Amino acid sequence: MPVTSESAINKTMQKDFLPLEGTDYVEFYVGNAKQAAHYYMSAFGFQALAYAGPETGVKDRASYAVRQHKLTFVLTTPLRTDNPIADHIYKHGDGVKALSLRVPDATSAWNETTERGAKSYMEPIRLKDADGELVMSGIHTYGDTVHLFIERKNYNGAFMPGYRPWNNPHFKPSDTGLLYVDHCVGNVGWNRMNPWVKFYEDVMGFKNILSFDDEDISTEYSALMSKVMSSGNGFVKFPINEPAEGKKKSQVEEYLEFYNGEGCQHVAMATNDIVKTVKELQSRGVEFLKVPTSYYDDLLDRVGHIDEDLEPLRELGILVDRDNEGYLLQLFSKPVEDRPTLFFEIIQRKGAKSFGKGNFKALFEAIEREQEARGNL
Ligand code: FE2
């Protein structure tokens, strides 16, 4: 059996002009960061991590960082009206601003991506405090969403310079078993999926690992298309959805209308025990989409053997699907704000590294039922 030579490995490493170590954090621009942080702690089981605001020398905003295992969310709100964060919220409502990626070298990440055509959002900056130095840079992606590149190998503080550690000894909700960001999905406009696929291929060196067309994901009334983009090592996955023609309005169009443009549709968070995690989240008030119970009638015929008992999956409405490497269990929340925009996915992978067509369709149909109830179909 041929052994991969060291020079071949070096060559592969060299080819990866944008090595990504995973998602560093997801930043949300919200109308009230103090209350949003409380929601992610009380409902989703995050812990207080760090705070930035006027007390730490940041004059135009307040930011709360919360963490659960390797998942870090930052909730940011503007303190005044004449502020780009305020403009973002006025235009989009609460939503994802930054999908931040951990890199070994944020300067190189910015150079490599902007040379390949990315529009700069932030030139590399060095942030220092007593705990070391953090380098960050950023580029624009779809809509007003950005990717920040975070280099923290020389930083040992709680989160980043400008923040101070934050905790409340009287409020420490238990965690819900959420571990890391599995993937983040973007909704883009008509005929915009392929240009963004090309952006992730050309600018960030991603590969298109899976495609669903409007035949795969459609009902009698509406349709969408989706392509899954993945970094070389698979640590970062960005599926991209585009509406497709149907008799009625596609749910991607509903999103685009209420978000007032392209943006992040959902963030998927991984767990090792989806039944336990979903029970815990439900008991704390997180609401999930429902599939008809008939979904479970022929489930095992579709996906083959699974380790889990079927009954708890049926009770909680957890979806199961398979790719060629294994299976996965998924469940989708309802939107977490009043606009039908951002929601969350809970995912447990049992060997599957990709996604299955059946769950995509089940999700699509579940959203469509909600869309109809809102009068937007
Ligand atoms: Fe997803």
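Everything quoted here is computed from the prediction, not taken from an experiment.

## Here's the deal with the sheet that holds strand β13 (residues 237–244)
Pairing within the open sheet is mixed, and its eight strands lie in the order β11-β12-β13-β10-β14-β17-β16-β15. Of all the strands in the sheet, the pair left with one neighbour each is β11 (207–212) and β15 (319–322). Recorded for the sheet is a direction-independent mean angle of 25° between the axes of neighbouring strands. Sheet analysis places strand β12 (residues 223–230) next to β13, joined by eight bridges and oriented antiparallel. Residue pairing for β13: Lys227 is matched across the bridge by Ile240. Strands in contact with helix α10 (residues 357–373) are β11, β12, β13, β14 (263–271), β15, β16 (327–332) and β17 (343–350); relative to β15, the strand with the most contacts, it is inclined by about 145°.

## Things to note about the domain arrangement of the protein chain
Domain annotation of the protein chain identifies domain 1 (17–165) and domain 2 (178–374). Taken over C-alpha atoms, the centre of domain 1 sits 24 Å from the centre of domain 2. Taken residue by residue, the interface counts 45 residues in domain 1 and 38 residues in domain 2. For the pair domain 1 and domain 2, the summed buried surface comes to about 3200 Å²; carbon and sulfur atoms form 67% of the total. Linking domain 1 with domain 2 are zero salt bridges, by the criterion used here. Where domain 1 touches domain 2, the interface holds 10 residue pairs in polar contact (both at pLDDT 80 or more).

## Focus on the environment of Phe44
Within the element layout of this structure, Phe44 appears in the loop between α2 (33–42) and β2 (47–52). Here the alpha-carbon distance between Phe44 and Met122, two residues 78 residues apart in the chain, equals 31 Å.

## Here's the deal with the coordination of the iron ion
Looking at the iron ion, the protein donor atoms are His183 (NE2), His266 (NE2) and Glu345 (OE), and they sit 1.9 to 2.1 Å from it. If you list the donors of the iron ion from N- to C-terminus, the spacing comes out as H-x82-H-x78-E. Note that His183 is positioned in strand β10 (residues 178–187) and Glu345 in strand β17, a separation of 162 residues in sequence. One exposure class covers both His183 and Glu345, and it is buried.

## Some thoughts on the environment of Pro239
In this fold, Pro239 is placed in strand β13. Overall, Pro239 belongs to the buried group, its relative accessible area being 3%. C-alpha separation for the pair Pro239 and Asn208, spaced 31 residues apart in sequence, amounts to 8.9 Å. Ignoring anything within four residues of it in the chain, the contact list for Pro239 reads His183, Cys184, Val185, Gly186, Ser226, Lys227, Val228, Met229 and Phe355.

## Topic: the packing of aromatic side chains
Applying the stated criterion across every chain yields a total of 25 aromatic pairs. Consider the rings of Phe73 and Phe344, whose centres lie 5.8 Å apart with planes at 25°: the pair is stacked. Within this pair, whereas Phe73 is found in strand β4 (residues 71–78), its partner Phe344 is found in strand β17, the two being separated by 271 residues in sequence. For the pair Phe73 and Phe344, one class covers both residues: buried.

## Considering the sheet that holds strand β8 (residues 146–151)
The strand order across the open sheet built from nine strands is β6-β7-β8-β5-β1-β4-β3-β2-β9, with neighbouring strands paired in mixed fashion. The open sheet has two free edges, formed respectively by β6 (120–129) and β9 (164–165), since each of these has just one partner strand.

## So, the side chain of His92
Structurally, His92 is set in helix α3 (residues 84–92). A polar contact is formed between the side chain of His92 and the side chain of Asp144, at a distance of 2.6 Å. The contact partners of His92, leaving out residues within four places of it in the chain, are Asp144, Phe258, Tyr259, Asn260 and Arg339.

## Notes on helix α5 (residues 193–202)
All buried positions along α5 are accounted for by Met193, Trp196, Val197, Phe199 and Tyr200. One side of α5 carries all its buried residues, which in axial view fall inside an arc of 155°. Along its buried surface, α5 packs onto β7 (132–140), β8, β12 and β13.

## A closer look at the pattern of salt bridges
Within the structure shown, the criterion is met by 19 salt bridges. For Asp24, the salt bridge identified is with Arg152, shortest N-O distance 2.9 Å. Placement of Asp24 in strand β1 (residues 22–29) and of Arg152 in the loop between β8 and β9 is noted, with a sequence separation of 128 residues between them. Arg152 carries the same exposure label as Asp24, and that label is buried. For Asp182, the salt bridge goes to Arg349, with nearest N and O atoms at 2.7 Å. Taken as a pair, Asp182 in strand β10 and Arg349 in strand β17 lie far apart in primary sequence, 167 residues in all. Among the residues examined, Asp182 registers a relative accessible area of 5% and is labelled buried. Salt bridges linked by common partners bring Asp24, Arg102 and Arg152 together as one network.

## Looking at the nonpolar core
Counting 83 residues, the largest nonpolar core has Phe28, Phe44, Phe73, Met204 and Met269 as the members making the most contacts within it. Here this core spans two domains, and each of domain 1 (17–165) and domain 2 (178–374) adds at least three residues to it. Not counting residues up to four positions away in its chain, the partners in contact with Phe44 are Tyr39, Gln68, Thr176, Leu178, Met269, Leu281, Arg284, Val286 and Phe344. Counting residues in hydrophobic clusters, the runner-up holds 17 residues, among them Leu256, Leu328, Phe355 and Phe360.

Cut-offs and rules
- Residues numbered from 1 in each chain as written.
- Predicted model: local features only at pLDDT ≥ 70, side-chain atom pairs only at ≥ 80, totals over all residues.
- Heavy atoms only, no water.
- Pairing = 2+ DSSP bridges.
- Helix = DSSP H or I, 4+ residues; strand = E, 2+ residues; numbered from the N terminus.
- Axes fitted to C-alpha atoms, helices over the stretch in contact; angles between N-to-C directions.
- Contact = heavy atoms within 4.5 Å.
- Domains from an automatic or database assignment.
- Buried area = accessible area lost by both parts, 1.4 Å probe.
- Salt bridge = Lys/Arg side-chain N within 4 Å of Asp/Glu carboxyl O.
- Polar contact = N/O pair within 3.5 Å; in protein donor to acceptor, adjacent residues only side chain to side chain.
- Donors = N, O, S within 2.8 Å, 3.2 Å for Na, K, Ca; no water.
- Buried < 20%, exposed > 50% of the residue type's maximum accessible area, 1.4 Å probe, protein only.
- Phe/Tyr/Trp six-rings, centres within 6.5 Å; stacked < 30°, edge-to-face > 60°.
- Arc of directions from axis to C-beta.
- Core = buried A, V, L, I, M, F, W, Y, C linked by side-chain atoms within 4.5 Å.

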